Amino acid sequence: MNDPRFSHISVRSGHRRAAWPRAGHVRPARFRALAMVLATLGLVLLGAVPVGAQQAATSPHGALPQGLDCAACHTAKNWHTLRSPLGFDHGKTGFVLTGMHARAACARCHLDLRFDRPAITSNDCASCHVDIHEGRMLQACAECHNTRSFGDVDGELIHTRTAFPLTGAHRQITCESCHSSDVGGSFTALPTTCVACHQADFRGAKTVDHVANAYPTDCTQCHTTLSWHDSPAFDHAKVANGFALVGAHAELRCASCHQVPGMQPLFSPTSQDDCIACHQADFDREHSGSSFPTTCLSCHDQNSWGSASFDHNATSFPLLGAHASVSCSKCHGPDNLAARPSNANDCVACHQAQYDQAHGGTGMPTDCASCHTNTAWQPSTFDHDAQYFAIYSGTHRGVWSTCQTCHTTPGDYSAFTCLDCHTHNKTDTDSHHNGVSGYVYDSAACYSCHRRGGGD
């Protein structure tokens, strides 16, 4: 046998033993075939052995549950190729795999692949995981953590179980903002008083000197956790002669009415109704020379100057029609302070200019409401038919366009003409009135007989 691939020949008891080829040499086909036959024969023989005997003799995994076949996890391809998914239900061990546990390789927990150890339960987290809280947390890990991620923790919910629930601005900050010295999550219990964390804020308050005024260090007596400026618990009325901060006053900064940080008042109202003590400049700007009372709350409220509550309809001049949409300054301003109608019908007190323009010299009454409405100057409610001459009925209905059709003298409604429309010549008119007593070829004479128009 001179083949160099079989150079390792040993003679023992008169027999030759062939060694496997050296590295780099090609295994003869007959040897490969023989290996396959032996492997197949081994699996067949192994299958003929009871499962329990197989496990006891060959399993590297320790004592496995009764009846568990190797094929539940392994394939015939090789030992390292596992089934996916495995045919083994880990939940039967009492430890259900969820979250990251379901993705972990077997060897991450069973370090020597002995599946009968470690003998732990799903609540025995410390057997595998280092306690980053260093034993300071008394509750079980599962009360705060889950198997999805160690960082998936609802800190706000956890804090509700402590003596310091997170509210207001405390809900917006990180854990490290307060637990600054706790490395890696080793949360040490901290004092729950405000001043324990906010001593610098207390001493450095810019609006009010808390130290000089000997304010209590229990910040909750004035402030809330929403903001330092949110201090609804502070009772301003107690320290300001009964002046409570309501309406727009509640939104003002302290410096609007006080010197800071000493808090000396810039104004000295004697009561809640003493508006003029602070708002003299506002009153002078709006009502100077108007003889308005300085009891501002008679008209205004404390929400806004613009939200006046004055009821004009309770006066002798209710605001009706077009008057309701007119601004106060239209009638009550520096240029028209004399406009003081004595009652709702005293229109000319305000509308003298309009009266003079339309009716000057006519002798018409200044009681505008007898003809006009408070909605608009036009249309007029003047009853021309009943009082003077039928122009809305009879033969004159629709034959005129404006008042000036008959009243041709501007501004003088006592003057009128009939002859501009009735263009009969004087001779014809005279002959038509032969024998009529008092006849004169004149418009006034026409009206004296024909008061209803037509042939009356």
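In this text the structure is predicted, and so the values were computed from the model without any measurement.

What follows covers the pattern of salt bridges. Taken as a whole and judged by the stated rule, the model has seven salt bridges. Ionic pairing is found between Lys-426 and Asp-430, a salt bridge with its closest N-O pair at 2.7 Å. Here Asp-430 and Lys-426 lie together in helix α12 (residues 426-432), a separation of four residues that amounts to about one turn. The class of Lys-426 is partly exposed, set by a relative accessible area of 45%. When its relative accessible area of 22% is taken as the criterion, Asp-430 is described as partly exposed. The network of salt bridges with shared partners includes Asp-282, Arg-285 and Glu-286.

Taking 1.5 Å of rise per residue, twelve residues should cover 16 Å, yet helix α8 (residues 276-287) covers just 12 Å from first to last C-alpha, more than 12% shy of that figure. Gly-289 sits one or two residues past α8 and shows a positive phi near 75°.

With that out of the way, let us pick up the packing of aromatic side chains. Within this structure, the stated rule accounts for three aromatic pairs. Each ring, one from Tyr-392 and one from Trp-400, has its centre 5.7 Å from the other, and the planes form 75°; the classification is edge-to-face. Feature note: the residues Phe-389, Phe-416 and Tyr-447 constitute an aromatic cluster, connected by ring pairs.

Bringing the environment of Leu-82 into the picture now. Mapped onto the elements of the fold, Leu-82 is located in the loop between α2 (51-58) and α3 (106-109). The class for Leu-82 is partly exposed, based on a relative accessible area of 43%. Separated by eleven residues in sequence, Leu-82 and Ala-71 place their C-alpha atoms 9.1 Å apart. If sequence neighbours within four positions are ignored, Leu-82 has contacts with Cys-73, His-74 and Thr-75.

Here Ser-84 and Pro-85 are connected by a cis peptide whose omega angle stands at 0°. A cis amide bond, omega 5°, links Arg-117 with the succeeding residue Pro-118. Looking at the secondary structure, you find Pro-118 in the loop between α3 and α4 (155-159). One non-glycine residue, Leu-113, lies in positive phi territory at about 60°. Summarising the element assignment, Leu-113 is placed in the loop between α3 and α4. With a phi angle near 55°, Glu-134 is a residue other than glycine that sits in the positive phi range. Structurally, Glu-134 is set in the loop between α3 and α4.

Here is what the cut-offs are and how they apply
Within any chain, residue numbers begin from 1 and follow the written order of that chain's sequence. Predicted model: local features are reported for residues with pLDDT of at least 70 only, side-chain atom pairs are reported and counted for 80 or more only, and whole-chain, interface and lining totals are derived from all residues. Note that the side-chain values use all heavy atoms of the structure and ignore hydrogens as well as water. For this analysis, a salt bridge means a side-chain nitrogen from Lys or Arg found within 4 Å of a carboxyl oxygen belonging to Asp or Glu. Starting at the N terminus, helices and strands are each numbered in turn, a helix being any DSSP run of H or I of at least four residues and a strand any DSSP run of E of at least two. Burial classes follow relative accessibility: with a 1.4 Å probe on protein chains only, a residue under 20% of its type's maximum area counts as buried, one over 50% as exposed, and anything between as partly exposed. To estimate the expected span of a helix, count its residues, drop one, and scale the result by 1.5 Å. In this scheme Phe, Tyr and Trp rings, the latter by its six-membered ring, pair at centre separations within 6.5 Å, and the angle between planes marks the pair as stacked below 30 degrees, edge-to-face above 60, and tilted otherwise. Working rule for contacts: check all heavy atoms of both residues, and any pair within 4.5 Å makes them a contact.

Worth remembering: the numbers are spatial, not functional.
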